[in-house]
Amino acid sequence: MTSTLPDLVPDAGAAAPGPQRREQTAAALRELRRYGEPGAPAISLPPDAFALPEIYELERERVFGRSWVLVAHADQLAQPGDYVSLTVAGELVLVARHTDGSLYGMSPICRHRMMPVVEAGAGNTTSFTCPYHLWRYGLDGKLVGATFMKGNPAFDPKNCRLPGFAVEQWHGFVFVNLDADAEPLAPHLARISADMTNYLLDEMVQVGSWVEEWGCNWKIAVENAHENYHVMGFHPETLQPSTPGGADPDVRADSSWATVLRVPFTEPVEPMVLPLNEEERQSLYGLFVFPTASLAAFGDQVIWLSFLPLAIDRTEVRGGILMPAALIEGADLDEVRRQSEGYAGMINAEDQRGLEAVQRAVGSRFAGRGHLSPKEPGVRVFYENLAHSLFR
Ligand code: FES
Ligand SMILES: [Fe+2]
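Residues numbered from 1 in each chain as written. Chains lettered and ligands numbered in written order. Predicted model: local features only at pLDDT ≥ 70, side-chain atom pairs only at ≥ 80, totals over all residues. Heavy atoms only, no water.

A. View of the sheet that holds strand E8 (residues 143–145). Taken together, 3 strands build an open sheet; the order of strands is E6-E7-E8 and the sheet is antiparallel. Unpaired on one side and paired on the other, strand E6 (128–129) and E8 mark the two borders of the sheet. Note: E6 against strand E7 (residues 136–137), 2 bridges, orientation antiparallel. Residue pairing in the sheet places Thr129 in a bridge with Arg136 of E7. (Pairing = 2+ DSSP bridges. Helix = DSSP H or I, 4+ residues; strand = E, 2+ residues; numbered from the N terminus.)

Okay, here's the thing in structure tokens:
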């Protein structure tokens, strides 16, 4: 069939998707839905899943609007008044430690005229004062003062508060769910908690941390974290000698939110402090909490990463490195920090460089889907969870 000239006219863009673009989006969604069905194909995501703004908008609403997202380690929120402020797929998120010891998650958008009451970052405070007209909110998000508002009888300061999010702390990892009524996360992680007993997660301290920006779609970063197959390509000198890309991983999906990946080491890693059993000495454990959290436990260390979308083609990578308190007792903590952040930074830079190159291809007319290797079963689980999350 020959195309008529109007058929070739491009659509106006995300603001006004034409019929072709709507069909393209519908086709991508049909393919994404298939990953949740029995006998789903072992092939990579359609390139449109990374490139279409309509898909990203759906993810913002259906995935990030109602999933548990790892935002920090509790050591970053140890003292009353400590807070972390960040963005999750376009939504501003604030988590603060109250003087009563509990954590509060909230949107930092002022209830007066929308000024964010705090900038992105971290710090310690007794309250959050909006920089615009100085309304003040407590660590729990409740309004504690509003200047020159007594003359407006319609305004009820007692019922004024920042919108709350659900927060959960799991063995020191702080998760936020924008859906304040979300089902709790902990039951999904019960089996993993039992598996991780010997890693003594509650006794670990964060010795280093980082916040980076990678120029790729969040799913490019997350699918990469779900497989060890790429280690021979991206990490030939750093990770390939200890956990080769050709090793056969075991994968276990505990629920649509929690996945475990075990990768055998070339040589057992002897812990100095942790009471690891034989299998733990011989394995790297990857733990994934859909959509963004990735934890790797090996020997005496745990590295966590969370891949938070900033835009369709940009991802904030937050993470940290944990060690048992007994291991670093008496050590020069600045030196431990320098070394651990240096090591993690080197690996992260290897992934970032590679994944940004992948991102440059997603909009190409020649980009396509590929068959997955038996060495990347975790990627299939991620796709399945993505389908579940989008279409539940
Ligand atoms: S916008 Fe916050 S006090 Fe006016
Ligand atoms: Fe990697």
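B. Focus on the pairing of strand E14 (residues 283–289). Across the 7 residues of E14, 7 count as buried, placing the element largely inside the fold. Neither face of E14 is open: one carries Ser283, Tyr285, Leu287 and Val289, the other Leu284, Gly286 and Phe288, and all of them are buried. Relative to E14, strand E13 (residues 258–264) runs antiparallel, the two sharing 7 bridges. Opposite Leu261, over in E14, you have Gly286 as the bridge partner. Of the pairings in the sheet, the one linking E14 to strand E15 (residues 293–298) comprises 5 bridges and is antiparallel in character. Residue pairing across strands places Tyr285 opposite Ala297, the latter belonging to E15. Once E14 ends, the chain turns through 3 residues before running back antiparallel as E15. (Buried < 20%, exposed > 50% of the residue type's maximum accessible area, 1.4 Å probe, protein only.)

C. Main features of the coordination of the iron ion (ligand 2). Within the protein, the iron ion (ligand 2) binds to His230 (NE2), His235 (NE2), Asp351 (OD) and Asp351 (OD); these donor distances fall in the range 2.1 to 2.5 Å. Taken together, the 4 donor atoms coordinating the iron ion (ligand 2) and their angles of 57 to 149° define a geometry best described as irregular. The sequence motif formed by the donor residues of the iron ion (ligand 2) is H-x4-H-x115-D. Taken together, the residues span a long stretch of sequence, with His230 in the loop between helix H6 (218–225) and helix H7 (231–234) and Asp351 in helix H9 (residues 333–359) at a distance of 121 residues. For the residue pair His230 and Asp351, the accessibility class agrees, reading buried in each case. (Donors = N, O, S within 2.8 Å, 3.2 Å for Na, K, Ca; no water. Tetrahedral: all angles 85-135°; square planar, octahedral: opposite > 155°, others 65-115°.)

D. Structural context of the layout of surface pockets. Put simply, the largest pocket is a space of about 610 Å³. Counting only elements with at least two residues in the lining of the largest pocket, the list comes to H6, E13, E14, E15, strand E16 (301–311) and H9. Sort the elements by how many residues they give to the lining of the largest pocket and H9 lands first, with 5 residues. Each residue belonging to the lining of the largest pocket can be placed in one class, and the counts come to 20 nonpolar, 9 polar and 2 charged. Computed from the structure, the second largest pocket encloses a volume of approximately 460 Å³. In terms of lining residues, the second largest pocket is bounded by 24 residues, among which Ser44, Phe50, Glu223, Val358 and Tyr383 are the most central. Secondary-structure elements contributing two or more residues to the lining of the second largest pocket are H6, H9 and helix H10 (377–391). (1 Å grid on protein atoms, 1.4 Å probe; cavity = no way out; pocket = protein on both sides within 12 Å on 5 of 7 lines; lining within 4 Å. Points joined across faces, edges and corners; volume = space filled by probe spheres on them. Nonpolar A, V, L, I, M, F, W, Y, C, P; charged D, E, K, R; others polar.)

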